[in-house]
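Working through the structure, step by step
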Amino acid sequence: HAKIMVPPSGSPLAGKAYCQDAGILTCVEANPQGGIVWQRFMRKVDNGKPIFFGELLVLRSKGQFIAFDGRTGERRWSRKVSGRFVQHASDYILDWSGSNGSGKAVCLDPKTGKIRWQKTYGHGTQAFAQANVIHFFQTPSGKPLRHFVVNPLTGETIQAYEDILQDVMKGGGLWTVRSCGAKGALLGSDGKGKQEYRIYKLDGKKPNPWRLGDVMIVNVIASNDKFTVVEESGHQLVVYKFEDDGYRATPLAMAGTKFDRNNMYF
């Protein structure tokens, strides 16, 4: 049950791979020889993507972040956290308690582990980190969707959009944000056994419906400025490209294949 972590292309740590198994974190050369560079004992790493920041490898383990020098294995810093979800972009780490908790958000400096700011946004909050802004979506049950744009350096609210989605689905359907890129967000809702999706362009205006018939999105795997990768029912992997009038789908058949999300890093 090893967790394998590979630095992204262009990283100073490219050419190495990191493996955590049975309480041991190992750095190996990603070449045919696969020589061990260093090893460290540490408790089980939580599920989620590793954070590569310059020459640092930042992992989450047992309620804390731990940063290692990816070249030597030296422990650089650690910071206790209370949230359940983690995102990072450019030069910050965002940790928050999620939609089932208080909606508390904590922003860390990945270089030092110091807390830049922390705020509470309330129940039903989802967060999406981007290079220059953080998008917080609040979806209280039975109420319209709210959208807050926040400065990641200061925590200051740049723009607040209230009551974006006025026509809440009949039957008490709760709107959630499935993915969010620089150009738009994919909203989803369940009501009376029916799924509905809408495209929201992050401008405070009413989202446009996305007509997909009986398509069932099981999981949003990754999203960036141009594409959203989703797993649909029947274990089919589908790539959606964002366009001005919505999304265009490019299905990649993966029928019968179950995804091991513990080892998926985009």
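See above for the structure.
Residues numbered from 1 in each chain as written. Predicted model: local features only at pLDDT ≥ 70, side-chain atom pairs only at ≥ 80, totals over all residues. Heavy atoms only, no water.

Some words on the overall build of the protein chain
Within the protein chain one finds 0 helices and 24 strands. Taking all 266 residues of the protein chain together, 45% fall into the buried category. Expressed as a percentage of contacts within the protein chain between residues at least 6 apart in sequence, the contacts between residues at least 24 apart total 32%. (Helix = DSSP H or I, 4+ residues; strand = E, 2+ residues; numbered from the N terminus. Buried < 20%, exposed > 50% of the residue type's maximum accessible area, 1.4 Å probe, protein only. Contact = heavy atoms within 4.5 Å.)

Thoughts on the pairing of strand β9 (residues 85-89)
Where β9 and strand β10 (residues 92-96) come together, 5 bridges link them in antiparallel fashion. In the sheet register, F85 faces β10, and the bridge partner there is W96. Connecting β9 to the next strand, β10, in antiparallel fashion are 2 residues, including S90 with a positive phi near 45 degrees. (Pairing = 2+ DSSP bridges.)

Some words on the pattern of salt bridges
Applying the stated criterion across every chain yields a total of 7 salt bridges. For the salt bridge of R60 with D95, the shortest nitrogen-to-oxygen distance reads 2.8 Å. Pair noted here: R60 is in strand β6 (residues 56-60) and D95 is in strand β10, with a separation of 35 residues, a long-range link. For the pair formed by R60 and D95, the shared burial category is buried. Here R71 and D69 are joined by a salt bridge, their closest N and O atoms 3.0 Å apart. Judged by its relative accessible area of 2%, D69 falls in the buried class. Beyond isolated ion pairs, a larger network of salt bridges with shared partners links E55, D69, R71 and R76. (Salt bridge = Lys/Arg side-chain N within 4 Å of Asp/Glu carboxyl O.)

What about the packing of aromatic side chains?
On inspection of all chains with the given rule, the structure shows 8 aromatic pairs. Ring plane angle 25 degrees and centroid distance 6.3 Å describe the contact between W38 and F68, whose orientation is recorded as stacked. Taken as a pair, W38 in strand β4 (residues 36-41) and F68 in strand β7 (residues 64-69) lie far apart in primary sequence, 30 residues in all. For F68, a relative accessible area of 5% gives the class buried. By the ring-pair criterion, three or more aromatic residues cluster together here, those being Y18, W38, F52 and F68. (Phe/Tyr/Trp six-rings, centres within 6.5 Å; stacked < 30°, edge-to-face > 60°.)

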